[in-house]
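What the coordinates show
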Amino acid sequence: GENVEQHPSTLSVQEGDSAVIKCTYSDSASNYFPWYKQELGKRPQLIIDIRSNVGEKKDQRIAVTLNKTAKHFSLHITETQPEDSAVYFCAAISYSGYSTLTFGKGTMLLVSP
Amino acid sequence: KAGVTQTPRYLIKTRGQQVTLSCSPISGHRSVSWYQQTPGQGLQFLFEYFSETQRNKGNFPGRFSGRQFSNSRSEMNVSTLELGDSALYLCASSRTGTAKETQYFGPGTRLLVL
């Protein structure tokens, strides 16, 4: 089955800095890669996703890149703000999968004012 | 449109008991997936239901079971509770559950086993 590795497990940045979270996946058939943000005590919420036919996707301060050859994808947050502080999860789903998201272990991002 | 709802939000049980958790998906969504979230293991897939049929199952013991009703609401049951079952149980819904569909999560049920 699919295996997703996520790094780093914790990340501390100053407000205004950029943050990068990296994930690798094992199943070359995986073709959909969502990123979820989970604030303390709240549900995971989708913040951005990328499909395997696209190399990069951007939404305001958030961008995701995908390298299918290397089987890794990354989340980039620019101009970080304190409200970006949360746990971020990457996930992968394969073409043959039915709603079976395989998640990374999560990255706790702390943005200090 | 109302989001995914889960009941109860919090539960305290003792070892050996059983528990039933409920999930109501977004209206029109027919696929419901269940995940267990723990600090050590992160988010792990339990099972997925579509049109009252379990289509996929994760690597959990048979004590974990579920079902889905004709209105797409789903329940999961854990029998003979163990301390290690303490976790946040999340359900997520999507329209048909196929790959590339966004899954929307509920707020979760936090289960504490004493």
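Higher on the page you've got the structure.
Notes on the structure in this doc start here. (Residues numbered from 1 in each chain as written. Chains lettered and ligands numbered in written order. Predicted model: local features only at pLDDT ≥ 70, side-chain atom pairs only at ≥ 80, totals over all residues. Heavy atoms only, no water.)

Side note on the interface of chain B and chain A
Between chain B and chain A, the contact holds 26 residues from the first and 20 residues from the second. The largest share of the area that chain B buries against chain A comes from Leu43(B), Lys100(B) and Phe105(B), three residues that together contribute 33% of it. The tally of links from chain B across to chain A stands at zero salt bridges. Put simply, the parts of the chain that give the side of chain B that touches chain A at least two residues each are strand 4 (31–38), strand 5 (42–50), strand 6 (53–57) and strand 9 (87–94) of chain B. Partitioning the side of chain B that touches chain A into residue classes produces nine nonpolar, 13 polar and four charged. (Contact = heavy atoms within 4.5 Å. Buried area = accessible area lost by both parts, 1.4 Å probe. Salt bridge = Lys/Arg side-chain N within 4 Å of Asp/Glu carboxyl O. Helix = DSSP H or I, 4+ residues; strand = E, 2+ residues; numbered from the N terminus. Nonpolar A, V, L, I, M, F, W, Y, C, P; charged D, E, K, R; others polar.)

Overview of the nonpolar core
If you look at the biggest cluster of nonpolar residues, it comprises 23 residues, and the most contacted ones within it are Trp35(A), Phe73(A), Leu75(A) and Leu109(A). Looking at this core, the elements with two or more residues in it are strand 2 (10–14), strand 3 (19–25), strand 4 (30–38), strand 5 (45–51), strand 7 (62–67), strand 8 (72–77), strand 9 (86–94) and strand 11 (107–112) of chain A. When neighbours within four sequence positions are excluded, Leu75(A) is seen to be in contact with Ala19(A), Val20(A), Ile21(A), Trp35(A), Ile47(A), Ile48(A), Ile62(A), Ala63(A) and Tyr88(A). Core analysis: the next-biggest nonpolar cluster, separate from the first, contains 21 residues, Leu21(B), Phe60(B), Met76(B) and Leu81(B) among them. (Core = buried A, V, L, I, M, F, W, Y, C linked by side-chain atoms within 4.5 Å. Buried < 20%, exposed > 50% of the residue type's maximum accessible area, 1.4 Å probe, protein only.)

Considerations on unusual backbone geometry
That bond from His7(A) to Pro8(A) is cis: its omega, -5 degrees, falls within 30 degrees of zero. Here Pro8(A) is to be found in the loop between strand 1 (4–7) and strand 2. In this chain, Thr7(B) is followed by Pro8(B) through a cis amide linkage whose omega measures -15 degrees. Along the polypeptide, Pro8(B) turns up in the loop between strand 1 (5–7) and strand 2 (10–13). Phi at Glu52(B) takes a positive value of approximately 70 degrees, unusual for a residue other than glycine. Along the chain, the position of Glu52(B) falls in the loop between strand 5 and strand 6. Within the chain, Ser72(B) stands out as a residue other than glycine whose phi angle is a positive 75 degrees. When you line up the elements, Ser72(B) lands in the loop between strand 7 (64–68) and strand 8 (74–78).

Brief notes about the pattern of salt bridges
All names here are of chain A. Scanning the model with the defined rule gives nine salt bridges over all chains in all. One salt bridge in this structure joins Asp49 and Arg51, with 3.5 Å as the shortest N-O distance. Notably, a salt bridge pairs Lys57 with Asp49, separated by 2.8 Å at the nearest N-O pair. Looking at Lys57, the relative accessible area reads 33%, which means it is partly exposed. Residues joined by salt bridges that share partners form a network here, namely Asp49, Arg51 and Lys57.

Overview of the sheet that holds strand 3 of chain A
All names here are of chain A. Taken in spatial order, the five strands of this open sheet run 1-3-8-7-6, and their pairing is antiparallel. This sheet does not close on itself; its edge strands, each paired only once, are strand 1 and strand 6 (56–59). Taking the axes of each pair of neighbouring strands and ignoring which way they run, one obtains an average angle of 15 degrees across the sheet. Where strand 7 meets strand 8, six bridges bridge the pair, whose relative direction is antiparallel. Considered in strand 8, the bridge of Asn67 is made with His72. (Pairing = 2+ DSSP bridges. Axes fitted to C-alpha atoms, helices over the stretch in contact; angles between N-to-C directions.)

Describing the packing of aromatic side chains
According to the stated counting rule, one finds 13 aromatic pairs over all chains in the structure shown. With a centroid separation of 5.6 Å and 70 degrees between ring planes, the pair formed by Trp35(A) and Phe73(A) is classed as edge-to-face. You can see Trp35(A) sitting in strand 4 and its partner Phe73(A) sitting in strand 8, a full 38 residues away along the chain. Site record: aromatic cluster; members linked through ring pairs are Tyr36(A), Phe89(A), Phe103(A), Tyr35(B), Phe45(B) and Phe105(B). (Phe/Tyr/Trp six-rings, centres within 6.5 Å; stacked < 30°, edge-to-face > 60°.)

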